[in-house]
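Summary of the model geometry
Residue strings, one per chain:
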Amino acid sequence: MAAEPIDLRTSKPGEAGAGGCACGHADENEIVLDTRQIPHAIRHATIFGALGAIAPGFSLDLVANHNPLPLLSQLTERRPGEFEVAYLEDGPEVWKLRLTRI
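So, how was this worked out
Residues numbered from 1 in each chain as written. Predicted model: local features only at pLDDT ≥ 70, side-chain atom pairs only at ≥ 80, totals over all residues. Heavy atoms only, no water. Helix = DSSP H or I, 4+ residues; strand = E, 2+ residues; numbered from the N terminus. Contact = heavy atoms within 4.5 Å. 1 Å grid on protein atoms, 1.4 Å probe; cavity = no way out; pocket = protein on both sides within 12 Å on 5 of 7 lines; lining within 4 Å. Points joined across faces, edges and corners; volume = space filled by probe spheres on them. Nonpolar A, V, L, I, M, F, W, Y, C, P; charged D, E, K, R; others polar. Buried < 20%, exposed > 50% of the residue type's maximum accessible area, 1.4 Å probe, protein only. Arc of directions from axis to C-beta.

Time to look at the environment of I47. Residue position: I47 is located in helix α1 (residues 40-52). For the pair I47 and L62, spaced 15 residues apart in sequence, the C-alpha to C-alpha distance is 8.5 Å. For I47, the residues in contact, after removing those within four places along its chain, are L33, T35, L62 and L71.

Moving on: empty space enclosed by the protein. On inspection of all chains with the given rule, the structure shows one cavity of 30 Å³ or more. Empty space within the largest cavity amounts to approximately 50 Å³. Counting residues per element, the lining of the largest cavity draws most heavily on α1, at three residues. Partitioned by chemical class, the residues of the lining of the largest cavity number five nonpolar, three polar and one charged.

Turning to helix α2 (residues 69-78), its buried residues are L71, L72 and L75. Down the axis, α2 shows its buried residues gathered within 100° of arc, on one side only. Facing away from the buried side of α2 by over 90 degrees, the exposed positions are P70, T76 and E77. On its buried face, α2 is in contact with α1, β2 (59-64), β3 (83-90) and β4 (95-101).

Here it is in C-alpha cells:
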C-alpha cells in the first residue's frame, strides 16, 4: 500500500490566513458525541478532549447509556462555570445532554 502525499496548509484552499484547522471543512452546526461505543477506560478523557475543542458559544450533544452524573461532577471541578448543561433526553435507556461552552 503506497502512502499518499499530505498537503499541509495554513488556510482553506483559496483563502489567505483563514483560522481553524485548515482542513477545508466548515464547522458542524450540530456536534454529537455518542459515548456508548467508547471503551470505558478512555471515555472521560475522550469527552474532555472533545469539550476542550469547543469554542465559546458552541455546543456538544453528548449521548450516553446512563445518567453521566460522575462526568458532570468532574466537569464542575475541572472547568467551573465554562459550560451550561441541558438534558435533551433523560433516560431510562438513553441520555442526551447539550453542553454549551459559555
